[in-house]
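# Examination of the molecular architecture
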Amino acid sequence: MKKICLLAALLLALSAPAAQAAQGGSVTGTTHTKGTERAMQIRSDEMLSTGTVSWDVAAPKNTKPQQRADIWLIREDFAFSKLSDEAIDALYERQEIPAGAPIYRTHSDAKGAYRFEEIPPGRYYLMTLDPFGKPFDEGAAERAAREELFARLPRLDEFEFRLVGIRNCLVQKIEVRAGQETHVKLAAVRF
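What comes next is a walk through the structure.

About the cut-offs
- Residues numbered from 1 in each chain as written.
- Predicted model: local features only at pLDDT ≥ 70, side-chain atom pairs only at ≥ 80, totals over all residues.
- Heavy atoms only, no water.
- Pairing = 2+ DSSP bridges.
- Helix = DSSP H or I, 4+ residues; strand = E, 2+ residues; numbered from the N terminus.
- Axes fitted to C-alpha atoms, helices over the stretch in contact; angles between N-to-C directions.
- Contact = heavy atoms within 4.5 Å.
- Buried < 20%, exposed > 50% of the residue type's maximum accessible area, 1.4 Å probe, protein only.

Across the sheet, three strands lie side by side as E6-E1-E9; this open sheet has mixed pairing. Looking at strand neighbours, the two that pair on one side only are strand E6 (113–119) and strand E9 (181–184), the edges of this open sheet. Shown here is a sheet whose adjacent strand axes are inclined to one another by a mean of 15 degrees, direction ignored. Pairing between strand E1 (residues 25–30) and E6: five bridges, direction antiparallel.

Once that is clear, we can look at the environment of Phe 80. Positionally, Phe 80 belongs in the loop between strand E4 (70–75) and helix H2 (85–94). Once the C-alpha coordinates of Phe 80 and Pro 154 are considered, the two residues, 74 residues apart in sequence, prove to be 6.8 Å apart. Setting aside anything within four residues of it in sequence, one finds Phe 80 in contact with Ile 74, Ile 103, Arg 152, Leu 153 and Pro 154.

A few words now on the pairing of E9. Burial of the side chains of E9 is restricted to one face: Thr 182 and Val 184 are buried, whereas none of Glu 181 and His 183 on the reverse face is. Examined bridge by bridge, E1 and E9 share four bridges and lie parallel to one another. Across the sheet, Val 27 pairs through a bridge with Thr 182, a residue of E9.

Put into structure tokens, the structure is as follows:
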């Protein structure tokens, strides 16, 4: 009886990490919504002893956004070269994700929040396409991530024309871990 209990405990202990490894992670974040560009920003330059104050009142107060941000997760090691021309056409023209491709898409809600569930662990590009026309303050890491992703995309001109269009595009690199939530902070909005 002791051997059976010991064997059962050993099997349970060995299967727990495998079950946890198979479990996906989640990704959450918030984009800015249409009313959030209504703000004051103070900037100063210590070297020149100068500063600026700007106030953007272009958006009506307390409005609900008409469009939502389009959020994409694309696995860093995905080989786009394996996609057929038809699959690329479907992805760019109709946003149809090829079967089995580690590409995920969602939209932000009315408050700008988004969530991805059960994403396989790994490193991903998180691409935020913002419909509200305010450029992001893109840092060196975001710029490098965007350039890296864009260098891997087939038919980049078509991608930019059909998917990005007039929207602002921010690309960030994130890591998804099994059974964990990754919360992504959006870059600041530039005025």
